[in-house]
Every structure is written in C-alpha cells, then in structure tokens.
Amino acid sequence: MNRLTRRIGDASARRPWVTIGAWVAALALVLPLAGLVGGSFVDDLVAPGSQSEKAMDLLEDRFPEASGGSAVAVFAVPEGERIDRHRTAVEAAVGRVAEVEHVTTVTDPFTKGSVSPDGRIGYVEIAFDVPQMKVRPEQIDAMNDAIEPVRGDGVVAELGGDAVFINAETPTSGAEAAGLLTALVILVVAFGTIVAALVPIALALVAVAAGLGSITLLAQATDVSTAAPTIGAMIGLGVGIDYALFIVARCRENRAAGQDNSTALSNAMSSSGAAVLFAGGTVVVAMSALALTGLGFLTSIGLSTSLVVLFAVATALTLLPALLSLLGDRVHKGRRSLRTRRVKKSDGPEKSAWWRFAHRVSGRPWPYLLAGSAVLLALTIPALRMETGFPDAGNDSTNTTHRRAYDLLAEGFGPGFNAPLLLVADLREQGVDAGGIPELSRRVADDPGIASLGEPWFSAAGDTVVLPVLPTTAPADAATSDTLERVRGIIPDNVAVSGLTAMTDDLTRQLADTLPVFIAAVIVVSFLLLMLVFRSVAVPLKAAVMNLLSIGGAYGVVVAVFQWGWLGGLFNLHETLPIVSPLPTIFFAVLFGLSMDYEVFLLSRVREEYDATGDPTESVARGMAVTGRVITSAALIMTVVFLSFVANPSPLVKMMGLGLATAIVLDATIVRMVLVPASMALLGRAAWWLPRPLDRRLPRIAVESVEGVEGVEGVERDDVPPPPEPTPAPTARIS
C-alpha cells in the first residue's frame, strides 16, 4: 500500500501542471454535465416486502388512477370571515392548477364540501398521474404560481399534502460557509501559515464539487435520496480537510527533520498517504454497508457518500502532492519557519503535554479507564429511551408552504387529516368480497383511533377497491402507529394498508429490525481490517468497544436534545421531535468509519514506536506526542464543519450534524486521550499479540523504514519535538 501511494504521489509531484490540468478538466466535464443531464433526487420510502409495498404494487398494476400522487391546496381567511366570499378567485385558481403538467383531477372545495365547520378554511384535492415520489419540484412551483393570484385577494393560499412534502426542495442554511471559515482559522493556528492552511480547504472543496456532480449524474441512472447531497457534502468537507491535513503535517514534520522538499513529500505520501488510503477505504466500506438494510434510499446515501470520500482520497493522493511540489517552502514557512539551529535531546517528547498526560494516565490506568467509561455510559443512558419515526410536514420550518398548509389543515379538520391511510382490497383473493366492504368499513370505523372513512372506490374491472381512512392523530404521533397496528389486526388477508404514514411506519420497523445485523456486519469488517493492519487481536477489539461507547454517547446527546428538548433553544428547536428513523443506521456507518480514521493515524504511530522501543507504555506516549496536535486539529475542524449543518432546516441533517460533532468530540478527547492510553497500559505487550495460525494465514503487513527521515542538526522541528533517539518514520505495506 505504501509503495502504491508513494508512486502516485511522486508521479503527481513530478508533473504538477499535468495533474492539476487533469483535475480542472474533470471538473469542467462533470459539473456542466451534471447540470445538463443530471437527474432529480427522490426518496424511495418503500420497505421491501412490507404490507404497504404490497398495496402500492397492487394499485400500480390494477388501479393506476388510484396509485398516483396527491397534494392539497389550502385556502384560508382571517377569523370572522368565510372563504366562500372569495369563491370566484379560488375557483379560478383551481382551474389554473388543473392545467399543470401531470395533474389529472382537482376538486372544487365548495361543491365537494371540503370547507371547515367555521367556513374559514377550504382545501382542494389534487391528483397526479405519476406516483407521489415522481412529482417534480418544477410541478410544485407551477402549482404555487397558479394559486399566487388568490393571495392578492386577501386569502392565505398554501400547498401541502404528501407529494409536496416529499418533493419540496429544502434550502441550505448558509452556515456551512461559516464552518469552512472557522476551519481555515484552526488550520492557520495549527500551521502558522496561510498557504498551508488554504491547501486542505481547497482540496476539500474540489472533492465535494466533484462528488456532488457525480451524485447528480448517479441520480439520472437510479433513485437517489434527497438527503444524499447534503450528507455527502458534510462528510466530504470533513474527511477532505482531514486527509489533506494529515499528509501536509507529515510532510512538514519530515521537512523539519532535515529532508529536502521532494524527499519529505515522497516519504509523507508513503506513510500518511497509505494511512489516508486505508482510512478512506474504511469509510467507504462502512457507508457501502448501508446496502445491507435492503432500503433503496439508504443504499443511495451510502453510495453517494462513498463517491465523495473516494474523491477526497483521490485529491489527497494526486492533487495535494502536485500543489505541494509547486508551493515548495511556502508551505513550511510561517510563524515558525525552518530556521537553522541544533536539535537538542532535551527537546524530546517529554516536553510535550501529550506525552506527559499519556504517562499520567498509564501510571494509574484503572481510575482513568473507569472514569472515562462512566462518562460515556452516562451519556448513553438517554439512547435507551430512543423513539424513532419519520418527521412529518409539521416538523418542518414555518417558512415552508407545506408546513403552513399542514397547520391550516390540522386547525380546520383535525390533526389526523395529515395522516391519511388507504385500505386496499384485492377482491380476487380469499377474504373480504365486494359485498363485505360495508361491514369492513364499520369495523374499522369502530376503532377509537379512526376519525372518519371515505367512500369506497372500485377499479374499472371491479377487482380492487380503495377505502380512504383518516386517523384522529398526527402522522408522527406514536398513537397513529398504534392505530395502524390495530387496523392491520382486524382486516382480512386480502386487504393491505398503505399511504405515506403506513409506508414510513413500515420503514421504521424494518430499520429497527435490520440495525443489529448492520452494526454487527460493520464491526466484524472493521475488526478484520484493523487486525490485518496492526497484526493484533486486542487492538481492533478495543477499537470496536471504544467506538461503540462514543457512538452510544452521541446517540444519547441527540435523544436528550431533540426528543427530550434539553438545550433545544440553543439549536433553534421549538418543539421536540422523534429521532428520524434512518439516523441511527446512517450515523453508525458514518461515525464508525470516521473513528477508524483517527484510530489508524494514532495507532500506526504507536505501532511504529513500539517496534522501535519494545515499550508498550512509552510507545503510546510517543505516539500521542507526535499525533496529538494534528489529530486534535483535525477533530476540531470536523466538529466545526458538522456543527455548521445543525442550522440546516432538515431534521435529519440537523440531527446528523449535532450527533457527528458530539461523537467526534468524545472520540478525540475521552477515547483518544484517556481510554486509549489506559487500556494500552493494562494490556501491555498483549495489545500486539496475534495467534500464530492467524499470523501465518493473514496477508502480511510490514512496517518498514523510510530512508532519510532521521533528525539532523541545524533544523528546527516544526510540529513536535523529535524523540531523544531519532526513529525512522515507517510506512505500512500490504504484501
């Protein structure tokens, strides 16, 4: 692996303008192509094998006019007025909506009687000839333009319903730019030079731009979730900056040790470059594992994020060495330039606070291990009460038209109006027949959670019937799930319940069922990868346990803030929310991969020191001394980037931002500073034990010296002091 990354880096450094030109050409091709032929993003919310999928497939096959998407246009006037005073303007708007592409029917609120009891609020039902997932934003915009003239008549007019809620385009908060600016400040402080700080930011932006363009092209070939670009950008910014940071820091360290620029860069690509390649591969594996859930929208998020991470790795291995070769000493000169002086042995790692703290922890490992574990376990407690569900339109910002329509409909017709269910009966199958539909309706209506039932709607062939049902509670209310379960318990075998509320409920159940399998698969794969790299059983096992603790703590913080409302005002939350069902799965994949990044960068240096000294305690202290500053800077940058997404209007993205930021903080502080040195001190030499049968069978990973890395006289160390006895910088090689 180290030979591969060295060759790639050397080739890019020898021909920097060719490499830069290739990246410019790639962006010039991908970005315009994405704008011209890129697809739209949709959320496939169907749980494979579920009852809701069965119902939707039946409708699409036999009753296509009932399988199309639906929306509502809501009209309201102030208290004391009646909507029928504006009948002419509303009916004109109805006519304009009917002319929008893919709209098949539009009801008249005055002839159908869809006006609230107080006469203030009326709604128009809009039916499409395409499924609700396929309604495009441009059609929503056209409908919004169609009802706009009514607003000039003093009427409140809003668009809502499932098709509008699912396909509405969510604007970004703009806080991401502030996150990048803060990351730049952190890099300037860490490196002491603007040039070195700008390089990781530039590479991250290139990786994200190329990744998002590729995601848009992917959407042309398959369904890609609306959340995929935002999550991909979030992860891409974080890892893009981090990967470049690790290589730049190692290059500066090599340069400070007396190597010329080309040698320092080549050796950095061989060591840190190999670590970047392995770490990025770990993130890709974790994200690709989302396909194990069997859910299309999660698979698309995993593939999309993997694309961005691959571009981040590619820029770090090719574009970065090209830029560094052109910049030369300008990357290294800054607040602490490479001034000539003699390196003193007294400037060893014992001068580092990281070295001293690691020895303090390893001197009393049990108290530190128990205290750190207790903190993480305490933070995990709220996660035991986690309630998952899909957010509904009532959880979105009041700045959106579908949220305002949701509120008006709940006010005028009850909260259950926003959670319609569809009972779909297959009259060809054994069970209820056409004559039994009235009795079925009566039994369903007797349930205390049902507000009303509509008239049965028979297909032209008479072999399929649809029965609209309205519950008494809101879509995301736990009582609605209870009602759905009771209804499914009384209907015959040839009847299935569908509708967006039923579909999201089925998804929530499937995600809960597959999460343990998914977690086990990711842990096993990560364990095997780390065992291959470090030739150890205890190290990957320890890493898995500690990652689970930090992830559990982050889960707990998210539950406390969003579900319980603790410190909600700090995050601009005005109400409590259930944890978005896909979040635990996505979150675990992302964080496990990112945590392995820090694990690889820290433990590769620890293993290097252990091979040089044979002292398990001292090797941890020295490993922390040479990586502590860089890993802390990387973690701080990633935390800032993730926190900037908390301002995003999407509940899923907001929760992801806070959860990932929390987990990175826990991982970089309690785990890396306390639990790692404490556990390694307790394990001693056993930390690097591997059974001989495994040692013989597993592919060999060797740690080898890089020539010319020894410290020399006349050069000041730039990042950290050298050890008392100079140690060659190793690289990992898979043979």
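Let me begin by describing the structure that accompanies this report.

Rules used in this analysis
- Residues numbered from 1 in each chain as written.
- Predicted model: local features only at pLDDT ≥ 70, side-chain atom pairs only at ≥ 80, totals over all residues.
- Heavy atoms only, no water.
- Helix = DSSP H or I, 4+ residues; strand = E, 2+ residues; numbered from the N terminus.
- Rg over C-alpha atoms; globule rule 2.2 N^0.38 Å.
- Buried < 20%, exposed > 50% of the residue type's maximum accessible area, 1.4 Å probe, protein only.
- Contact = heavy atoms within 4.5 Å.
- Areas by Shrake-Rupley, 256 points an atom, 1.4 Å probe, with all protein chains shown as cover.
- Lys, Arg positive; Asp, Glu negative; His and termini not counted.
- Charge placed at Lys NZ, Arg CZ, Asp CG, Glu CD.
- Axes fitted to C-alpha atoms, helices over the stretch in contact; angles between N-to-C directions.
- Parallel < 35°, antiparallel > 145°, perpendicular 65-115°, else oblique.
- Left-handed = near helix turned anticlockwise from the far one by under 90°.
- Expected span 1.5 Å × (residues − 1).
- Patch = residues over 30% accessible without salt bridge, like charges linked within 9 Å, V, L, I, M, F, W, Y side chains within 5 Å.
- Salt bridge = Lys/Arg side-chain N within 4 Å of Asp/Glu carboxyl O.
- Nonpolar A, V, L, I, M, F, W, Y, C, P; charged D, E, K, R; others polar.

Let's talk about the overall build of the protein chain
Thought 1: Looking only at helices and strands, one finds 24 helices and 13 strands in the protein chain.
Thought 2: Relative to the 2.2 N^0.38 estimate, which gives 27 Å for 735 residues, the radius of gyration of the protein chain is 30 Å and therefore close to what a compact globule would have.
Thought 3: Across its three principal axes, the protein chain shows a C-alpha extent of roughly 90 × 50 × 45 Å.
Thought 4: Within the protein chain, the proportion of its 735 residues that are buried is 57%.
Thought 5: Contacts in the protein chain between residues at least 24 apart in sequence constitute 81% of all its contacts with a sequence separation of at least 6.
Thought 6: For the protein chain, the exposed area adds up to about 28800 Å²; of that, 60% sits on carbon and sulfur atoms.
Thought 7: In the protein chain, 56 side chains carry a positive charge and 72 a negative one; their mean positions are 16 Å apart.

Things to note about the packing of helix α20 (residues 538-563) against helix α21 (residues 583-613)
Thought 1: In the contact formed by α20 and α21, the axes pass within 10 Å of each other and the chain directions differ by 135°. Taken together, the axes of α20 and α21 are oblique relative to one another. Judged by the twist between their axes, the crossing of α20 over α21 is right-handed. Where α20 abuts α21, its residues Val539, Lys542, Ala543, Ala544, Asn547, Leu548, Ile551, Ala554 and Tyr555 lie against Pro584, Phe587, Phe588, Leu591, Phe592, Ser595, Met596, Glu599 and Leu603.

Quick look at α20
Thought 1: The terminal C-alpha atoms of α20, which comprises 26 residues, lie 36 Å apart, in line with the 38 Å expected from a rise of 1.5 Å per residue.
Thought 2: With respect to burial, α20 is a largely interior element, 23 of its 26 residues being buried.
Thought 3: Once α20 ends, the next one or two residues include Gly565, with phi positive near 85°.

Some thoughts on a negative patch on the surface
Thought 1: Taken together, the side chains of Glu101, Asp129, Glu138, Asp141 and Asp145 make up a negatively charged region of the molecular surface.
Thought 2: Assignment of secondary structure puts Glu138 in helix α7 (residues 137-151).

Quick look at the packing of helix α11 (residues 228-256) against α21
Thought 1: Viewed as axis vectors pointing N to C, α11 and α21 meet at an angle of 5°, and their least axial separation amounts to 11 Å. One finds that α11 runs roughly parallel with respect to α21. Note on element contacts: α21 touches α11 through Ile586, Val590, Leu594, Asp597, Tyr598, Phe601, Arg605 and Glu608, opposite Ile231, Ile235, Val239, Asp242, Tyr243, Phe246, Arg250 and Glu253.
Thought 2: Split by residue class, the contact of α11 with α21 holds 10 nonpolar, no polar and 6 charged.

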